[in-house]
Each structure stands twice: as structure tokens, then as C-alpha cells.
Amino acid sequence: MNLVISLLYFLSLIGLGLCLKSKGFPPLTIPFLSISISSLVLYYFALINILFWGIFSNIILGMIFLIKYRTLFQFKFSLYNCLFLFYVLIIISVLYKSNLSHYDNFSHWATIVKFISFEHRLPNSSDTLISFTSYPPITALTIFPFTLNTANIRLMLIVQFTIIVSAQYTFLGAVRDKKRFIFSACVISLISLSLALNQSIRLNNLLVDYLLPIVTVASIANILNYSNDNNFKKALFSTTILTSYLFLIKSSSIFFVLIVWIFFLYKFRCKLHTIVGICLSIITFGLWQLHVKLVFTKSSKHQINFSAYKNMFVSEGNYKKTQVINKIIKHTLDLYHNQSTLTILLMNIIIIFIAVLCIYKKYAKPKLFSLWCIINLIYITYWLLVLALYLVSMPFEEAIILSGYDRYMSSVTILVTFFLGFYIMQLIDGNMWELDRNKRSIFTFKSLRTKTYYQYSTLVLLIFSILGIISESSGTKFQDVQNLSSFPVKMERNIKENIHYNDRNYLLVDKNKSEVDSYYASYVGKYYLFSSKVTAISEFMMGEKEFRYLLDSYDYIVIPESHYTFNLMVSKFLNQKNIGTGIYQYRYGKLLKVKDNNKYELRKEQ
């Protein structure tokens, strides 16, 4: 039944896309626009606690559209589509075998997807399993229809990658002439470059730091696409939808939404309808903030709370704040270890090179200085915001080790990289020998030499893009191999995952003390055991009475890997040898293995 619902939901997305196509929306914008609209519908239904009805509403409307506009369905075998198909197949083949390992997957992003998939609702104040209650849920809601009542990590990764790909597909809309091979090759090359800049987390994670700039760039490409035809109404509609979606990816997306609307006002200027669109996207985000305030009484980490910011800033001494600032500045200026600073420096060099080349060749260079100012202004502003985040929102223990710094900065680095790439594409488009795009062909070159340059440039870009995609897949595979010995993989391999949300107490045995001290083991345990009451312990050197009391304090004892000290205590005090991996209960002075933790055959004695 769950598979049928997921399949119908997928068909409904196609139906919605065909409906948008019938209204004249460009094919490049339709996939992501369809996903965004359907996800926002789910979001509004989730706010009023009838999420499942949101799925049925999407399915019913989508199927009506699919039947009505079925004749519009077609797939064109262009170079752009073929390159994207290659890209999708390569990455999916890797994600299909991937495992989650990053800390934040289990502290929030994977856990919220699993929670919504099984509970079919947003968490409330009693759901202590979800720690970061202020994080917007739109990506989890987008994944949810395809992971109904299942906890398949690979499926989660593939669906999130589908969101990313649908947003990336819009990028070709940034140029007027979409038929030239060189622009298709440029877009795929930029995507390959962005994957290289995203190496801190890669695609085998449910974190949204890569999705943020990609959705922002998709919104910018949409605006450029519609501005080419001066289509204000469709531009406003799609920008309102996409910025509403962008708002709900992460709290820090406010900065990215602001960039999109400023660019929209630059292209179309301010009208009454524009103000309405901006207000609608703000209301969408405001509803989430209101929901958090009404449902949750305590502030969570990274929640927008100015009084909490003030209290933390005051509570931290000047010495600690100075330490954090010095650490961030030192890391920022370290070109050898800081990829974002090195990238922005190279971008400035490229802009200078373009300026010199345009002067020497007498090419038109529209607003190059403005681009240089915008790129550096965006980067510096975001850097200052990240610095403020570390000072007023992050605990000192995390701030002093720059937890997540490279990941945060990679978002803005990827964003400005695409800005420069789009400018170069438009520069090439505007300086071609034949300015009339409808008359361009293989014969409309200034000379045979320029045609040869064009062909070789396209070939080089194609090779670069293909190698970049293969490199990303190889890097992800290598990371997956390294993760085979990680704690989450051991949990998945040796402990049957719990799919029933419960409040039972679990003792999680982990021999790695650092994983216990950092709460990594606890978060992984909470995800797999689907309970907020999971305590990870690595030290078991204690007396018999204390050891028996410890075991009796928990409903279940979970052993994902052999622990020498724990096995020694069991052998010495319980007279049991060869305790293997699995889930146990302490009954009658012995550890009894539970065959199926989802059925809970063994119960604690009342």
C-alpha cells in the first residue's frame, strides 16, 4: 500500500508539471517548481495536523492534471538532457549503496525524516526525540511521501538528490541561447565544480548546506529565464513559490531569500504584485516561527530568538569571544586549509583576467565591476553572519573548534561561484559573432579559427564535467568504504532497526569513549531504536551490585559490537559467556536476547 501511494504521488508530480507546461511555464523550471508546490501543500496541511490528507490532495489533483494534459508529455534527447541523465544515473548508483555517518544526520536531518515517515505529523513538545525543534521541515516533507512507513536510508538520499537535480536542471535558463552546446557544457561543468566545493559533506548526507545555494541559484536562473521574455507574472509566481520553499530549508536561508528578492527587484522593479509575492513568502516562514513558538516552550539550538542571543553573548566572557574570533580569522586566512577563502581569491583573479581580456579584445563587459562588488559583498556579509552565529548562538565548546565552519562557508562559496559562472556564460552569449540567436548555426562563426576554438572549448568543458561527476562518485564510494567500520554501520548491521516510535529506556554499549562523550553514539542509537531514552556508556568497571542495578535500570541493553569490559562483567557477575551482538533484556539475573525488538516479546516484570 505504501509503495502504491508513493507511486501515485510521483505520478501526481508529473501531472502537476504537465499542468504548468500547459500554462506556458518553461520546461527547465517545471520539475523543481512542481516539487516545491507539492511540498508547500504538504507543509500547510502539516501545520494543521492533517499531513496525510495533504498527500491525498496532491495525488487527486495531480492525477486529474495527468489525465487532462497527458498529450503534453514528451522527452527531448538534447545534449543537456543526456548529460543530466548520465549525472543522475552515476550518482544514484552510488547513493543506492551509501550509508549515513555525519553527526548531524542522526542529531536531526535523518531523524526528522524517519519521524514524519512513521508518525505522519510534525513533532510536538512531547516528542523529545527531535532535539532541534526550530529547524524548518520542508526537505523532510518532500522526502516523506516516498519513505512512508519505511526507514530506508538509501531511499532518503536518492529522494534528496532528486530535489537537488531538479533545482540544478533550471540552471540553463540563465542564458538566452539554450541551444548552443557550449552553454549546456558550462552548466554541467559548474555543477561538477560545485560538487568539488561540497567535499566537506558530499551527497551521501541529508544535510542541507549544499541544497541552500542550489535552490538560491535555481531561483536566480528562473528570474533570468523569465526576464529574457519579460514575463513578469510567471516570474513573480515561480519566485514566490521557490523563495517560500527556500525559506523552509534552514533558518539561515533568510540571507539567501533576501538575495533572490533583491535580484528580482533589480530585474523587474517594484510593483504592487511584487510586494504581495514577498509578503506571501515571508508569511510562509512566519507561520513556521509561530508554530514553533506555540508548540515548543523551550528554545532549541539555532532557533531565532534574540533574547537567547543576548543572554549567551553576555554570559560568554570577553576572553572566550576573543578566542573564537581569533580562531576564525586565523582559519579564514589559512589558504592551505581553507577552501572557501582560496576559492574566493581565485574568483577575484578570474574577474581581473576577464577584465583584461575584454579590454585587449575589445569585448563588451557589462557591469563587471558591479559583479565583483556583489560577489565580495555577499561573501564578506555571510562570513560576518557566520562569525555572529559562533559568538551568540553556538556553545563555546563547539565554537572554539569551529564546528561546521567549512560546511557553512561552502554554501556561500558555491553560490558566488555560480554567479560568476552565469556571468561568463552571458558574456560568451553576448559576444558571439552572430548576435541574432535565431540565426545562429554551425556556419555563423567569424572564421574557421573561432569555430575551432568554440568546438575545442565545448569538448574541454564536457570532459571536465564528466570527470567531475565521476570524481564525485568515486569520492563518495571511497567515503562509504571508510564508513564501513563506523558506529552507524555497526548498528545497522547487527541491530534490527526499530520502526515503532516508543519511550522505552535503552542502554547502548559502545567501546568508543569519544563517541559516547560527544553524544554521537546516543544520537545514532535514538535514530535506530526510535526512542529518545537512549543512554550510551563505554565504561563498565564497577562492582557486581552496581552493575546489576545498572542493567536493571533499563528496559533493553543494546550491544552493536563486542565490548571487552562489558563482556568481562557479564561473565564474572552473571556467569554468562559469549554474549554476542543484539538486543537483550535483564530478567531473572540474566541477559536474555530479544529476537525481534519491534514486537518486544520480552517485557519487564511489573
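Our structure's up above, just so we're on the same page.
My aim in this report is to walk through the structure given alongside it, one point at a time. (Residues numbered from 1 in each chain as written. Predicted model: local features only at pLDDT ≥ 70, side-chain atom pairs only at ≥ 80, totals over all residues. Heavy atoms only, no water.)

Reading across from one edge, S2-S1-S3-S4-S5 is the order of the five strands in this open sheet, with mixed pairing throughout. Two strands bound the open sheet, and with one partner strand each, they are strand S2 (534–537) and strand S5 (590–593). Strand-to-strand twist of the sheet, defined as the mean angle between neighbouring strand axes without regard to direction, takes the value 30°. In terms of strand pairing, strand S3 (residues 556–559) meets strand S4 (residues 582–587) through three bridges, oriented antiparallel. Of the residues in S4, the one forming a bridge with Ile 559 is Gly 582. Sitting on the sheet, helix H23 (residues 544–552) is in contact with strand S1 (506–509), S2, S3, S4 and S5, with an inclination near 115° to S4. (Pairing = 2+ DSSP bridges. Helix = DSSP H or I, 4+ residues; strand = E, 2+ residues; numbered from the N terminus. Axes fitted to C-alpha atoms, helices over the stretch in contact; angles between N-to-C directions. Contact = heavy atoms within 4.5 Å.)

Next up on the list: the nonpolar core. In this structure, Phe 171 and Phe 422 are the most contacted members of the largest nonpolar core, which totals 173 residues. Among the elements that take part in this core, helix H18 (residues 405–430) stands out by supplying 14 residues, more than any other. Discounting residues that sit within four places of it in the chain, Phe 171 has contacts with Tyr 80, Val 187, Ile 191, Ile 214, Val 217, Ala 218, Ala 221, Phe 418 and Phe 422. Met 542, Phe 566, Met 569 and Leu 591 belong to the second largest nonpolar core, which has 20 residues in total. (Core = buried A, V, L, I, M, F, W, Y, C linked by side-chain atoms within 4.5 Å. Buried < 20%, exposed > 50% of the residue type's maximum accessible area, 1.4 Å probe, protein only.)

The sheet contact formed by S4 and S5 spans four bridges and is antiparallel. Bridge pairing in S5 places Tyr 584 opposite Lys 593. Adjacent in sequence and paired antiparallel, S4 and S5 are bridged by two residues, among which Tyr 588 carries a positive phi angle near 55°.

This part is about the pattern of salt bridges. Throughout the structure, instances matching the rule amount to twelve salt bridges. In this structure, the salt-bridge partner of Lys 114 is Glu 497, at a minimum N-O distance of 2.8 Å. Remark: Glu 497 occurs in the loop between helix H20 (487–494) and S1 and Lys 114 occurs in helix H5 (residues 103–119); sequence separation between them is 383 residues. For Glu 497, a relative accessible area of 18% corresponds to the buried category. In this structure, Glu 561 engages Lys 490 in a salt bridge whose closest nitrogen and oxygen atoms are separated by 2.7 Å. (Salt bridge = Lys/Arg side-chain N within 4 Å of Asp/Glu carboxyl O.)

All right, on to the packing of helix H2 (residues 30–47) against helix H7 (residues 153–168) then. The N-to-C vectors of H2 and H7 enclose an angle of 130°; their axes lie 7 Å apart at closest approach. Viewed along their axes, H2 and H7 adopt a mutual orientation that is oblique. In this structure, H2 crosses over H7, and the sense of that crossing is left-handed. Counting all contacts with H2, which are made through Pro 31, Phe 32 and Ile 35, the residues of H7 involved are Ile 163, Ser 166 and Ala 167. A per-class count over the contact of H2 with H7 returns five nonpolar, one polar and no charged. (Parallel < 35°, antiparallel > 145°, perpendicular 65-115°, else oblique. Left-handed = near helix turned anticlockwise from the far one by under 90°. Nonpolar A, V, L, I, M, F, W, Y, C, P; charged D, E, K, R; others polar.)

Here we come to the packing of helix H10 (residues 232–247) against helix H11 (residues 253–268). Closest axis-to-axis distance for the H10/H11 pair is 9 Å, and the angle between their directions is 170°. Viewed along their axes, H10 and H11 adopt a mutual orientation that is roughly antiparallel. Touching Phe 232, Ala 235, Leu 236, Thr 239, Thr 240, Thr 243, Leu 246 and Phe 247 of H10 are Ser 253, Ile 254, Phe 256, Val 257, Val 260, Trp 261, Phe 264 and Phe 268, all from H11. Taken together, the residues that form the contact of H10 with H11 break down as twelve nonpolar, four polar and no charged.

In this structure the tally under the stated criterion is 43 aromatic pairs. Three or more aromatic residues link up through ring pairs in this structure, and these residues are Tyr 103, Phe 106, Tyr 520, Tyr 523, Tyr 527 and Tyr 528. The ring of Phe 530 has Lys 114 lying over it, and the distance from NZ or CZ to the ring centre is 4.8 Å. (Phe/Tyr/Trp six-rings, centres within 6.5 Å; stacked < 30°, edge-to-face > 60°. Lys NZ or Arg CZ within 6 Å of the ring centre and 35° of its normal.)

What follows is about the side chain of Ser 6. Within the fold, Ser 6 resides in helix H1 (residues 2–22). The class of Ser 6 is buried, set by a relative accessible area of 10%. Not counting residues up to four positions away in its chain, the partners in contact with Ser 6 are Pro 145 and Phe 146.

Attention now goes to a nonpolar patch on the surface. There is a patch of nonpolar side chains on the surface, built from Tyr 44, Leu 272, Ile 275, Val 276, Leu 280, Ile 283, Leu 287, Leu 290 and Leu 294 and spanning about 860 Å² of accessible area. Per-element tally for the nonpolar patch: the top contributor is helix H12 (residues 272–295), with eight residues. Tracing the backbone shows Leu 280 in helix H12. Among the residues examined, Leu 280 registers a relative accessible area of 45% and is labelled partly exposed. (Patch = residues over 30% accessible without salt bridge, like charges linked within 9 Å, V, L, I, M, F, W, Y side chains within 5 Å. Areas by Shrake-Rupley, 256 points an atom, 1.4 Å probe, with all protein chains shown as cover.)

All right, on to the environment of Phe 256 then. Here Phe 256 shows up in helix H11. Relative accessible area serves as the criterion here: at 0%, Phe 256 is assigned to the buried category. Remark: the alpha-carbon pair of Phe 256 and Ser 411, spanning 155 residues in sequence, is separated by 9.9 Å. In this structure Phe 256 touches Leu 212, Thr 216, Leu 246, Tyr 382, Ser 411 and Leu 415, once residues within four positions along its chain are discounted.

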